[in-house]
Amino acid sequence: LDFDHCCRSATMASSPKVARPAASATAASEWTTAEQLVLVEAVQRFGAGVVPDFTGIGRAVRQAMSYPGAVKRDHEFYAPRKCENKWREILLADDAKKGGGGRTQRKTTDPTPSERAGELVERLRDARKAELKAGVSRVEGELMEVEKELAGIDSCNEKALERYVEEALRHPEVSLLSTAVPIKTQPAELKKEDPGPPPPPSSSSVPATPPQGGREAGPSPGA
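Residues numbered from 1 in each chain as written. Predicted model: local features only at pLDDT ≥ 70, side-chain atom pairs only at ≥ 80, totals over all residues. Heavy atoms only, no water.

> It is not clear to me how the overall build of the protein should be interpreted in this structure. Could you clarify?
On a plain count of helices and strands, the protein comes out with 6 helices and 0 strands. Mapped in sequence order, the helices and strands of the protein form the string α-α-α-α-α-α. Split into buried and exposed, the 223 residues of the protein put 24% on the buried side. Within the structure as shown, the protein displays about 17300 Å² of accessible surface, and the carbon and sulfur contribution to it stands at 57%. (Helix = DSSP H or I, 4+ residues; strand = E, 2+ residues; numbered from the N terminus. Buried < 20%, exposed > 50% of the residue type's maximum accessible area, 1.4 Å probe, protein only. Areas by Shrake-Rupley, 256 points an atom, 1.4 Å probe, with all protein chains shown as cover.)

See below:
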């Protein structure tokens with residue numbers, strides 16, 4: 001392998017991977033597959049009567065979608081009215097897939113919302129499993145690419161790596177690495193010696209006092 005290949009491999013391995021958006025992360029106003037699955041499961045739980053309890057359904061969906069990594073929604077996204085509208089939309093889409101008969105193709109007595117949700121939940125679970133498997137396959141592919149890049153770096157010979165280091169050191173931003181910067185040391189301060197008491201004044205510095213009465217001053221009598 002040549003020097004250019006080593007440089008390209010090192011650059012690709014060191015560059016951070018940009019996270020790709022999840023396949024289910026659509027527009028902010030649309031429900032992901034995971035959210036629809038949680039909604040249908042909540043209807044299956046709270047929809048035993050003629051009219052589902054969408055207050056409890058909204059609370060259950062909001063709690064279930066609060067796990068780490070889930071899509072971030074505002075508090076009103078799972079409001080009871082919005083959960084009800086989405087449930088009706090899911091029912092209409094299911095009827096359209098089954099043809100114009102829709103409801104008439106089922107048994108004479110209309111199923112409860114809970115029973116209807118039971119018909120939809122398995123299909124949504126399969127769709128969610130397919131999304132997760134696709135995400136795992138994508139991550140595995142990215143890991144294989146990184147392993148190949150690292151293997152390319154390991155296979156470079158020693159001379160090529162030395163050339164790579166030399167080229168890197170010539171870069172203006174790392175020029176300080178190639179030249180030694182002298183370190184200036186401050187001279188140690190000299191210890192100041194204690195001068196001691198000042199010397200007594202010399203006789204030359206004291207002005208002479210003229211004798212009084214023509215005689216020199218002597219010791220007083222009786223001294």
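Further notes follow.
> What's the story with the pattern of salt bridges in this structure? I'm lost.
Pairing is possible between side chains that carry opposite charge, provided their charged atoms lie close to one another. Following the criterion strictly, the structure yields 13 salt bridges and no others. Glu84 serves as the salt-bridge partner of Arg88, at 3.0 Å between the closest nitrogen and oxygen. Taken together, the positions of Arg88 and Glu84, both in helix 4 (residues 80–98) and 4 residues apart, correspond to about one turn of that helix. Assessed through its relative accessible area of 15%, Glu84 is described here as buried. Notably, a salt bridge pairs Arg123 with Asp94, separated by 2.6 Å at the nearest N-O pair. One end of the pair, Arg123, is in helix 5 (residues 113–154); the other, Asp94, is in helix 4, with 29 residues separating them in the sequence. (Salt bridge = Lys/Arg side-chain N within 4 Å of Asp/Glu carboxyl O.)

> Would you mind showing me how to read the nonpolar core here?
One recurring pattern in soluble globular proteins: nonpolar side chains tend to sit buried together. Leu39, Val40, Ile57, Val61 and Trp87 are the most contacted members of the largest nonpolar core, which has 22 residues in total. The element contributing the most residues to this core is helix 2 (residues 33–46), with 6 residues. Residues contacting Val61, with those up to four places away along its chain left out, are Trp31, Val38, Leu39, Ala42 and Tyr78. (Core = buried A, V, L, I, M, F, W, Y, C linked by side-chain atoms within 4.5 Å. Contact = heavy atoms within 4.5 Å.)

> So what exactly am I meant to see when it comes to a nonpolar patch on the surface here?
A surface patch of nonpolar side chains, about 220 Å² in accessible area, is lined by Tyr164, Val165 and Leu169. Turning to its location among the elements, Val165 is positioned in helix 6 (residues 158–169). (Patch = residues over 30% accessible without salt bridge, like charges linked within 9 Å, V, L, I, M, F, W, Y side chains within 5 Å.)

> Looking at this structure, I do not really get the packing of aromatic side chains. What am I missing?
Aromatic rings in a pair are described by how distant their centres are and how their planes are angled relative to each other. As enumerated under the stated definition, the model contains 3 aromatic pairs in all. Arranged with centres 5.7 Å apart and planes meeting at 80 degrees, the rings of Trp31 and Tyr78 form a pair that is edge-to-face. Placement of Trp31 in the loop between helix 1 (3–14) and helix 2 and of Tyr78 in the loop between helix 3 (54–64) and helix 4 is noted, with a sequence separation of 47 residues between them. The burial state of Trp31 is the same as that of Tyr78; both residues are buried. An aromatic cluster is defined as three or more aromatic residues linked by ring pairs; in this entry it consists of Trp31, Phe77 and Tyr78. (Phe/Tyr/Trp six-rings, centres within 6.5 Å; stacked < 30°, edge-to-face > 60°.)

> What am I meant to see in the side chain of Asp95 here?
Within the secondary structure, Asp95 sits in helix 4. Relative accessible area serves as the criterion here: at 13%, Asp95 is assigned to the buried category. Within the local environment of Asp95, its side chain forms a polar contact with the side chain of Arg116, the two groups lying 2.6 Å apart. (Polar contact = N/O pair within 3.5 Å; in protein donor to acceptor, adjacent residues only side chain to side chain.)

> Is there a simple way to think about the environment of Gln36 in this case?
Note that Gln36 resides in helix 2. Judged by its relative accessible area of 19%, Gln36 falls in the buried class. Between the C-alpha atom of Gln36 and that of Val61, which follows or precedes it by 25 residues, the distance is 9.3 Å. With sequence-adjacent residues up to four places away left out, Gln36 is seen in contact with Trp31, Lys86, Ile90 and Leu124. Polar contacts involving the side chain of Gln36 include one to the main-chain carbonyl oxygen of Trp31, which spans 3.3 Å.

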